[in-house]
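Residues per chain, in single letters:
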Amino acid sequence: MNIRKTSGMTAVPAAQMDWLSDLPAQGLSPAQTLQWLNLWTGQGLLRHIDSALAAQLLRLDAHASPALLVAAAVLAQMEGRGHTCLPLAELCQPPVVLLGWPAAAVEGAQGLKALWTHLPAKLADWQTALQAHSPGSCLRGADAPDQGQPLVLGGTADAPLLYLRRYAGYEQRVGQSLLQRAGEALAVPEGAAREWLDRFFAPKAEEPHPTDWQKVACAVALRARLSVITGGPGTGKTYTAARLLALLLALHEGGSPLRVALAAPTGKAAARLKQSIDDALTRLSVPADAGLDLNALIARMGPARTLHSLLGARPDTRQFRHHAAHPLDVDVLIVDEASMVHLEMM
């Protein structure tokens, strides 16, 4: 049997690729497109689950456009790399750019470049192709009723985004929750807050008048149910977070102590967070008569935990013990490395 080989790829019998040598003038059929995607799966360019999604769409709609099948396979591949969605504009690029496939692999992948010549070249044409035939069975718009379509087309007219249905739902729920929390202002005793802010952020002798943005950040965070502290390495994120904790402790009212939890996506990040927060609180100068026991706060916080541990991940399921209906029993939650948190976990 004649076997053609590509460097670093699975060998594919020539008989399986002969049909690719002459593309029909009218372009590929959906069945031929799926055959092509399966071929690339065999060559290691796609995962089996990527081409399986395209096959599922073709079962739902026998007239699904080749563009829809290719876009679905690419979307599944991107999700496997940690991306939430696929900007349709990315599909206008060659696959070696879009998916970062090695140039040698693309040269050896039979018909890969040829296929892209039969796909839409412009963004508007991609949008039209995805919604061709019977889009209701495979794809819906973000504002359309959810009838179980596997794909969702969201974003804007100028920047459309293709989602897997599950991730479109995750993003919408997280967005709504963030907006709700950001819009709920908390009452703050202004006099006491100003006094503690001035104590924790005393002006530096060499810079008596500049705006202390870390002080401003803490003042703003006191009124919010949700705050984001962001910045590059060495910009003072831990410095700010530790002082915010001390402020919350100083202003905490009620008979029970302030309950604080620390968490991060990984064990290493959690350990680093705990050490940084503890060190920053220990170095914070507080008069003995101020009635603020930071050492007790450090002891009550205990170790920082991974998010899986904090939320109570249940073995062999996607479920957690803590969720919207059963929230954590804490007053303050600090999550480090939030950009690493998977959308489903968020």
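Above this text sits the structure in question.
A few points on the structure. Everything quoted here is computed from the prediction, not taken from an experiment.

**Thoughts on the pairing of strand β9 (residues 332-335)**
Residues V332 and I334 line the buried face of β9, whereas the alternating positions L333 and V335 sit on a face that is not buried. As paired strands, strand β7 (residues 260-264) and β9 are joined by four bridges and run parallel to one another. Bridge pairing links A263 to V335 in β9.

**Structural notes on the sheet that holds strand β8 (residues 305-306)**
Taking strand neighbours across the sheet as the criterion, the three strands line up as β8-β7-β9 in an open arrangement whose pairing is parallel. Lying at the two open borders of the sheet, with one neighbouring strand each, are β8 and β9. Together, β7, β8 and β9 form the strand contacts of helix α13 (residues 267-283), whose direction differs from that of β7 by roughly 140°.

**Focus on the sheet that holds strand β3 (residues 86-87)**
Pairing in this open sheet of four strands is mixed, and the strands run β3-β6-β5-β4 from one edge to the other. The sheet is open, and its two edges are formed by β3 and β4 (139-141), each paired on a single side. Looking at chain direction, β4 and strand β5 (residues 151-155) are connected through three bridges and run parallel. Looking across to β5, one finds that G141 is bridged to L153.

**Topic: the environment of D331**
With respect to the secondary-structure elements, D331 resides in the loop between α15 (307-311) and β9. Excluding residues within four positions of it along the chain, D331 makes contact with H252, P257, L258 and R259. Polar contacts involving the side chain of D331 include one to the main-chain amide nitrogen of R259, which spans 2.8 Å.

**Some thoughts on the pairing of strand β6 (residues 160-164)**
The buried count for β6 comes to four of five residues, which makes it a mostly enclosed element. For β5 and β6, the ladder comprises five bridges, and the chain directions are antiparallel. When the sheet's bridge partners are listed, L151 is paired in β6 with L164. The turn linking β5 back onto β6 is made up of four residues.

**Quick look at the packing of helix α12 (residues 237-251) against α13**
Between α12 and α13, the shortest axis-to-axis distance is 9 Å and the interhelical angle comes to 65°. Relative to α13, the crossing made by α12 is right-handed. Every residue of α13 that contacts α12 at T238, A241, A242, L245 and A246 is listed here: S276, I277, A280 and L281. Across the contact of α12 with α13, the residue classes tally to seven nonpolar, two polar and no charged.

**Brief notes about unusual backbone geometry**
Backbone geometry at D316 places phi at a positive 65°, although glycine is not the residue there. Tracing the backbone shows D316 in the loop between α15 and β9. With a phi angle near 55°, E337 is a residue other than glycine that sits in the positive phi range. With respect to the helices, strands and loops of the structure, E337 is situated in the segment after β9.

**Here's the deal with the nonpolar core**
By size, the foremost hydrophobic cluster in this structure holds 47 residues, and its most contacted members are L151 and L162. Counting residues per element, the ones that place at least two in this core are α1 (30-42), α2 (48-60), α3 (66-80), α6 (112-116), α7 (123-130), β5, β6 and α9 (165-182). When residues in this core are grouped by element, the largest group, eleven residues, is from α3. Discounting chain neighbours no more than four positions away, the residues touching L151 are L57, L68, A72, L75, C138, L139, R140, L162, Y163 and L164. Core analysis: the next-biggest nonpolar cluster, separate from the first, contains 36 residues, L244, L245, L249 and V260 among them.

**Quick look at α12**
The end-to-end C-alpha distance of α12, which contains 15 residues, comes to 21 Å, matching closely the 21 Å that a straight helix rising 1.5 Å per residue would cover. Every buried residue of α12 is accounted for by T240, A241, A242, R243, L244, L245, A246, L247, L249 and L251. Where the residues of α12 are buried, they touch α10 (190-200), α11 (213-222), β7, α13, α14 (294-301) and β9.

**Re the pattern of salt bridges**
Applying the stated criterion across every chain yields a total of 13 salt bridges. A salt bridge links R259 to D329; the shortest N-O distance between them is 2.4 Å. One end of the pair, R259, is in the loop between α12 and β7; the other, D329, is in the loop between α15 and β9, with 70 residues separating them in the sequence. The exposure class assigned to D329 is exposed, which follows from its relative accessible area of 58%. We note a salt bridge from E344 to R318, for which the minimum N-O separation is 2.8 Å. Taken together, the residues E344 in the segment after β9 and R318 in the loop between α15 and β9 connect sequence positions 26 residues apart. The class of E344 is partly exposed, set by a relative accessible area of 30%. The class for R318 is exposed, based on a relative accessible area of 52%. When salt bridges that share partners are traced, they join R140, D146 and R165 into one network.

Rules of the game
- Here, residues in each chain are numbered from 1, in the same order as that chain's written sequence.
- Only residues with pLDDT of at least 70 are given local features in this predicted model, and only at 80 or more are side-chain atom pairs given and counted; all residues enter the totals for whole chains, interfaces and linings.
- Hydrogens and waters are ignored; side-chain quantities use all the structure's heavy atoms.
- Relative accessibility decides the category of a residue: with a 1.4 Å probe and only protein chains considered, values under 20% of the type maximum give buried, values over 50% give exposed, and everything between is partly exposed.
- Secondary structure elements are taken from DSSP: a helix is a run of H or I of four residues or more, a strand is a run of E of two residues or more, and numbering for both begins at the N terminus.
- A strand pair is defined by DSSP finding two or more bridges across the two strands.
- Any two residues whose heavy atoms approach within 4.5 Å at even a single point are treated as in contact.
- Axes, fitted as lines to C-alpha atoms, cover a helix only where it is in contact. Angles between the N-to-C directions of the axes lie from 0 to 180 degrees.
- Counted as a polar contact is a pair of N or O atoms within 3.5 Å, where, for protein atoms, one must be capable of donating a hydrogen and the other of accepting one, and residues adjacent in sequence contribute only when both atoms are in side chains.
- Note: crossing handedness is left-handed where the near helix turns anticlockwise from the far helix by less than a right angle, and right-handed where it turns clockwise.
- Amino acid classes used here: Ala, Val, Leu, Ile, Met, Phe, Trp, Tyr, Cys and Pro are nonpolar; Asp, Glu, Lys and Arg are charged; the rest, including Gly, are polar.
- Take the buried residues of types Ala, Val, Leu, Ile, Met, Phe, Trp, Tyr and Cys, join any two whose side-chain atoms come within 4.5 Å, and each joined set is a nonpolar core.
- Given a helix with a known number of residues, its expected span is that number minus one, times 1.5 Å.
- What makes a salt bridge here is a side-chain nitrogen of Lys or Arg within 4 Å of a carboxyl oxygen of Asp or Glu, nothing more.

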